[in-house]
Structures are given as C-alpha cells and as structure tokens.
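# A look at the structure
Residue strings, one per chain:
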Amino acid sequence: MIKATKPKILIVYTGGTIGMIKDPTTGILKPFNFEAIYDQVPRLLFYDIDIDTFSFDNPIDSSDMLPDDWQKIAEKIYENYDEYDGFVILHGTDTMAYTASALSFMFENLSKPIILTGSQLPLGIARTDGRNNIINAVEIAAAKHQDGFSVIPEVCICFENKLYRGNRTYKNNAENFDAFASPNYPLLANVGVNIKYNYDYIAKVPKEKMKLCTQIDPNIAILKLYPGIGQNIVASILEAEELHGVVLETYGAGNSNKSPWFLDLLSKAITKGILIINVTQCKGGGAVNEGKYESSFLLGKLGIVSGYDIITESAVTKLMHLLGKEKDKEIIKTLLNKSLRGEMTVE
Ligand code: ASP
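Summary of the structure given here. Quick caveat, the model's predicted, so the values are computed rather than measured. (Residues numbered from 1 in each chain as written. Predicted model: local features only at pLDDT ≥ 70, side-chain atom pairs only at ≥ 80, totals over all residues. Heavy atoms only, no water.)

## Brief notes about the site of the ligand
Every residue near the ligand is listed here: Gly16, Thr17, Asp61, Ser62, Gly92, Thr93, Asp94 and Ser119. One of the side-chain nitrogen or oxygen atoms of Asp61 is found 2.9 Å away from a nitrogen atom of the ligand. Between Ser119 and the ligand, the recorded distance is 3.3 Å, taken from a backbone N or O atom to an oxygen atom. Protein burial of the ligand: of its 270 Å² of free accessible surface, 89% is covered by the chains. Within the shell around the ligand, the residues separate by chemical class into no nonpolar, 6 polar and 2 charged. (Near = heavy atom within 4 Å. Polar contact = N/O pair within 3.5 Å; in protein donor to acceptor, adjacent residues only side chain to side chain. Areas by Shrake-Rupley, 256 points an atom, 1.4 Å probe, with all protein chains shown as cover. Nonpolar A, V, L, I, M, F, W, Y, C, P; charged D, E, K, R; others polar.)

Next comes the structure, spelled out in structure tokens:
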C-alpha cells in the first residue's frame, strides 16, 4: 500500500495589515515578528500538514510593493518549488491583486497552488479576519486529488471564504471583510461547512514543466479617460520618455471620444512603437467589444489591442511582463490578444 505523505506548505510573509500590531505610543500599525503567527493562529499547528514559514527581512505595507518585490516572491517560490506542495503568500490587501496577477504571468505551467491572503484587521485584534483567511488558504494550498495532483494549480486570492483567480480579482472595499471581487470570472471555491471547488473553472494541471520568467518592464502608464480630459494631459502621458506601453481605460464596451487630436496622439504613440491595450472602466462586468460603436472601431483600426474583459490590475502586469520578456512588438501584440493564464475571455 502506498503511504500518503503529509502535504508540505510554505507560508511566505511579505507584510501588510495581517502581521501588524499597534505601536502603543504612536498608535501606528507596525509589522511584528512573523514567528508570532503561531501564537495568533495556534490551530495551524494541529493540521496534518507540514508548515514552514519564511519572512522577508523588511515586511512592507503593500502600497510600497514594487516589481522587484514581485520578483523576490516569485524567486522564493521557485527555489522551493520542488520541496513544497503549495505556497501561501501573506500580503497586504491594497496591492494584492497586482502581485497575484504578476505572479500568474511570471509562472508558466504552474502545477502547484500559490495562494495569496491577508486581512482587513491585524491578527493581533480579537475580531481579526486574518485567522480564518490563513487557515482557509493553507487548507486549499494543501488540497490534492486522489491521483496526487494539486486541486488548485493556479495563483489565487483567498479572502473571506472565497477563492478567486488571482488575475481576475481586484480590491473593491476598504471597510468590509469581503474586500475583493471578480465580476468577470466565477469563484474557484466557496468555503462553508465544506470547501466546494468549482472544478469546471479551475485550470488543469499542465503536462509541461513549470517555467519562471521574472523580467518586468515597468515603463507603462494607465490613461483613464473622463469627459473633458485635456489634450495637454493626454499628450503628457503619451509623449513621456521611455514609455513602452499604455493601458487605455475606456468607457463601456471600449469607447473613447473621437476628437481628431485624441486619435492623432494615439496614432503617433503607436507609430513610435508604444503598445496600447483597451480596457473597459466597467469593472462590475463588461468587455471591450471593438467595432460595436464607431469609436472602438477607430481605436482598433489604429492598432490598439482589445483587452476583452481583462481588468486593469491584470492588464498592467501582463503588459509589464510581456514587455520585459519579449523584444518583438508583433509577438507582444499577439500575446496581448491571447488569454495566457485565464486572465480574459477571448470571444
Ligand atoms: N495598507 C495595507 C497593505 O496593503 C492594508 C492591508 O494589508 O490590508 O499592506
């Protein structure tokens, strides 16, 4: 008889509210020693799971996270990939969606779970949501099918009893425990009395070997349209030095104003080799549908790539990843148009 081995999980602490305590003199939230997580979540010790922990030397508020930090997290996972069955990344909620998206693009052919979680209230506070979030994340990271393959071979966010695909999710509430949303893609699991997995929507375990690409080109901008946006403002963004890519946040089904000056600035940027992806501002569901209205048709004709139902967090990190990885603009355009890690629904 084959003896089932205990799953092994690595918890990586990066910072954020979850690991914070109040400085008694200033009242400001500061990171505490990660080892204290066991004092705060003793139930972790009772799982039939081997849990190791790693803490970055300087845990940070996630609003200070930089692409370098995404690379460090990815490398830590990569170094330990063969030794562990799954990874739980404790992270601040503010930019968790960006880190989750970035990691999803950095890892190709992922066969093990990378689950990001955090909390709205510090672990040191009685009503904290952190304990529940960590426990759920660890259990999901350790979940395996009978054949030994991980149930969740994806980068996910686990928060308030919900498991989301990481590159489909954004923070939508700074007050509620239910702080994330993924309007364009169903939950991968609901945590209740049982953990109910939505198998139809979970990525399949790939046959190919996992590959990591951490190269990032951060020289991109988000250009969010609003009625009355000035020519000087658009020009200052599109004519910025070293700009390589733009996430153009348009209205509705991918529409923009049709002013000649605006289309002209876009056209000049594209001629200079800047890649532009059209992403809708409709976060609560919706997709770019180039050609539905005249303006989106014009944007498509200029060479702007449709982002379909991708969300901004995902478009930003996808663009940074592809610009860092590939030199050939045509290849990048083709890849932008494709769903690489389930980040968009291509019609
Ligand atoms: N500012 C904190 C952070 O993102 C908020 C949190 O963790 O929820 O690191």
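Still more to cover.
## Brief notes about helix H4 (residues 130-142)
For H4, built from 13 residues, the straight-helix expectation of 18 Å at 1.5 Å per residue is met to within 8% by its first-to-last C-alpha distance of 18 Å. Taking burial as the measure, the 13 residues of H4 include 10 buried ones, the bulk of the element. Regarding H4, the residues found buried are Gly130, Asn133, Ile134, Ile135, Asn136, Ala137, Val138, Ile140, Ala141 and Ala142. (Helix = DSSP H or I, 4+ residues; strand = E, 2+ residues; numbered from the N terminus. Expected span 1.5 Å × (residues − 1). Buried < 20%, exposed > 50% of the residue type's maximum accessible area, 1.4 Å probe, protein only.)

## Things to note about the sheet that holds strand S15 (residues 220-224)
Strands sit in the order S15-S16-S17-S18 across an open sheet of 4 strands; the sheet is parallel. Pairing within the sheet leaves two strands with one partner each, and these edge strands are S15 and strand S18 (305-306). As paired strands, strand S16 (residues 245-250) and strand S17 (residues 275-280) are joined by 6 bridges and run parallel to one another. Each residue of the ladder has a partner; that of Val247, found in S17, is Ile277. Set on the sheet, helix H8 (residues 312-325) makes contact with S15, S16 and S17; between it and S16 the angle comes to about 160°. (Pairing = 2+ DSSP bridges. Contact = heavy atoms within 4.5 Å. Axes fitted to C-alpha atoms, helices over the stretch in contact; angles between N-to-C directions.)

## Points about helix H9 (residues 329-336)
Along H9, the positions that sit buried rather than exposed are Ile332, Leu335 and Leu336. Down the axis of H9, the buried side of the element spans an arc of 100°, and every buried residue falls inside it. Looking at the buried residues of H9, the elements they touch are S17, S18 and H8. N-capping of H9 is provided by Asp328, with a side-chain oxygen placed 2.8 Å from the backbone N of Glu330. (Arc of directions from axis to C-beta.)

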